[in-house]
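# Reading the structure
Below are the chains, spelled out letter by letter.
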Amino acid sequence: KKTAYEIKECDWSSDVCSSDLTISSNGSDLQYYNIADGKFYRIDKNGNLSALSDEIFHSVENVTWSPNKNKAILEYPDGANTVYDFSTDKQVTLPSHWKDFDFSPSGDQIVMKSMGLDPNNRWLAIVNDDGTKSRAIESLGEKDATVYPSWSPNNQTIAMYTEGVSFDRQEVFFVGLNNENFKSTIIEGRGFQPKWQPSGEKLLYSEIGRASCSERV
């Protein structure tokens, strides 16, 4: 029996093939999706395993966990999206033209991209976690590839977008809920992938430079 600290993603040599590992709300256990049987589990540091739900979720492609880890957005290869609440065993279906989800710090709202067929009908938007009261924030047009939904832990911003400054430099802009004018920043390299520090005061990001890949705070 493997402990939580010995499990590796897609360890085919064991009975656990894990995906979308995350730390549980208690700060020590791990939660994950088991690709082999389609179920979600929690495992403690001693290797004790328990199912988060009796439900089976076949072929989940991507999992976005809420901050308290009680809910998750499940994305499937056919475009289906659901929000599943493991504390109540209830689920809500989200439209298939929504993508790139992230939860608010409280977990009761979601930021996402609403991708209409017409570029004029593509939006960065927010919605309640039950799928109600969607609100368009910014038009995406044909630039969704450089827009990154990421709700900051301090609740100040809900996304970022980048614009090229030169071949290996880009400017990062921060998007708030109410047209705030946040200061932008210049970063080196391409291939921006952001991750907020838990306090929201710093941003970790990866970049691809001319000859290397680095991470900076």
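The model shown is predicted, which means the values in this text are computed figures rather than measured ones. Per chain, the residues get numbers from 1 upward, laid out in the order the sequence is written. Reporting in this predicted model follows two pLDDT cut-offs: at least 70 for local features of residues, and 80 or more for side-chain atom pairs to be given and counted; totals over whole chains, interfaces and linings ignore these cut-offs and use all residues. Side-chain metrics in this entry use all non-hydrogen atoms of the structure; hydrogen atoms and water are not considered.

Among buried residues, those of type Ala, Val, Leu, Ile, Met, Phe, Trp, Tyr and Cys that are joined through side-chain atoms within 4.5 Å constitute a nonpolar core. Partly exposed describes any residue whose relative accessible area lies between the buried limit of under 20% and the exposed limit of over 50%, with all areas from a 1.4 Å probe on protein chains only and scaled to the type maximum. Grouped together as the largest cluster of nonpolar side chains are 12 residues: Y33, F40, L52, F57, V60, V63, W65, A72, L74, Y76, Y84 and F86. Within the residue set of this core, elements represented by two or more residues are β5 (62-65) and β6 (71-75). Whether two residues touch is decided by their heavy atoms; if any such pair falls within 4.5 Å, the residues are in contact. In this structure, F40 is in contact with Y32, Y33, S50, A51, L52, S53, F57, V63, W65, L74 and F86, ignoring residues within four places of it in sequence. Counting 11 residues, the second largest nonpolar core, distinct from the first, contains I126, I137, V147 and W151. Helix and strand assignments come from DSSP, with helices taken as H or I runs of at least 4 residues and strands as E runs of at least 2, each series counted from the N terminus.

Turning next to unusual backbone geometry. Of note in the backbone geometry, D89 takes a positive phi value of approximately 55 degrees without being a glycine. One can find D89 in the loop between β7 (81-85) and β8 (90-94). Unusually for a residue other than glycine, D100 sits at a positive phi of about 55 degrees. Inspection of the secondary structure assignment puts D100 in strand β9 (residues 98-103).

DSSP bridges decide pairing: two strands pair if at least two such bridges lie between them. Pairing is antiparallel across the open sheet formed by 4 strands, whose spatial order is β9-β10-β11-β12. At either end of the open sheet lies a strand with only one pairing partner, and these are β9 and β12 (135-139). When strand polarity is set aside, the average angle formed by the axes of neighbouring strands in this sheet is 25 degrees. Taken together, the 4 bridges between β9 and strand β10 (residues 109-115) define a ladder with antiparallel strand orientation. Bridge pairing in β10 links K99 to K113. Angles run from 0 to 180 degrees between N-to-C directions of axes, and those axes are lines fitted to C-alpha atoms, restricted for helices to the stretch in contact.

All right, on to the environment of L177 then. Note on placement: L177 falls in the loop between β15 (169-175) and β16 (185-188). Distance in space between the C-alpha atoms of L177 and Q156 is 7.9 Å, their sequence separation being 21 residues. Excluding anything up to four places from it in sequence, L177 contacts I126, R135, I137, W151 and I158.

Our next topic: the pattern of salt bridges. Salt bridges, as used here, are contacts in which a Lys or Arg side-chain nitrogen is within 4 Å of a carboxyl oxygen on Asp or Glu. In total, this model carries 5 salt bridges according to the counting rule given. K113 serves as the salt-bridge partner of D144, at 3.9 Å between the closest nitrogen and oxygen. Taken as a pair, D144 in the loop between β12 and β13 (147-149) and K113 in strand β10 lie far apart in primary sequence, 31 residues in all. When its relative accessible area of 14% is taken as the criterion, D144 is described as buried. For K113, a relative accessible area of 2% translates into the label buried. Here R169 ties to E188 by a salt bridge, and the two come within 3.5 Å at their closest N and O atoms.

For β7 and β8, the ladder comprises 5 bridges, and the chain directions are antiparallel. Paired with V83 across the bridge in β8 is V92.

Here we come to the sheet that holds β15. Ordered by their spatial adjacency, 4 strands build an open sheet running β13-β14-β15-β16, and the pairing between neighbours is antiparallel. The strands lining the two open edges of the sheet, one partner per strand, are β13 and β16. In this sheet, adjacent strand axes meet at a mean angle of 30 degrees when their direction is disregarded. Alignment of β13 against strand β14 (residues 159-166), held across 3 bridges, turns out to be antiparallel. Looking at the pairing, P149 lines up with A159 of β14.

How two aromatic rings sit relative to each other is given by the distance of their centres and the angle of their planes. Centre distance within 6.5 Å is the pairing criterion for rings of Phe, Tyr and Trp, where only the six-membered ring of Trp is used; planes under 30 degrees apart are then read as stacked, over 60 as edge-to-face, and the remainder as tilted. Within the structure shown, the criterion is met by 13 aromatic pairs. Considering the side-chain rings of Y33 and F40, the 5.0 Å spacing of their centres and the 45 degrees angle between planes classify their relative orientation as tilted. Residue Y33 shares its accessibility class with F40, and that shared class is buried. Their ring planes at 65 degrees and their centres at 6.4 Å tell us that F57 and F86 sit as a pair that is edge-to-face. Here F57 is found in the loop between β4 (49-51) and β5, whereas its partner F86 is found in the loop between β7 and β8, with 29 residues between them in sequence. Accessibility assignment for this pair places F57 and F86 in one class, buried. Put simply, the rings of Y33, F40, F57, W65, Y84 and F86 touch in pairs and so form one group of aromatic residues.

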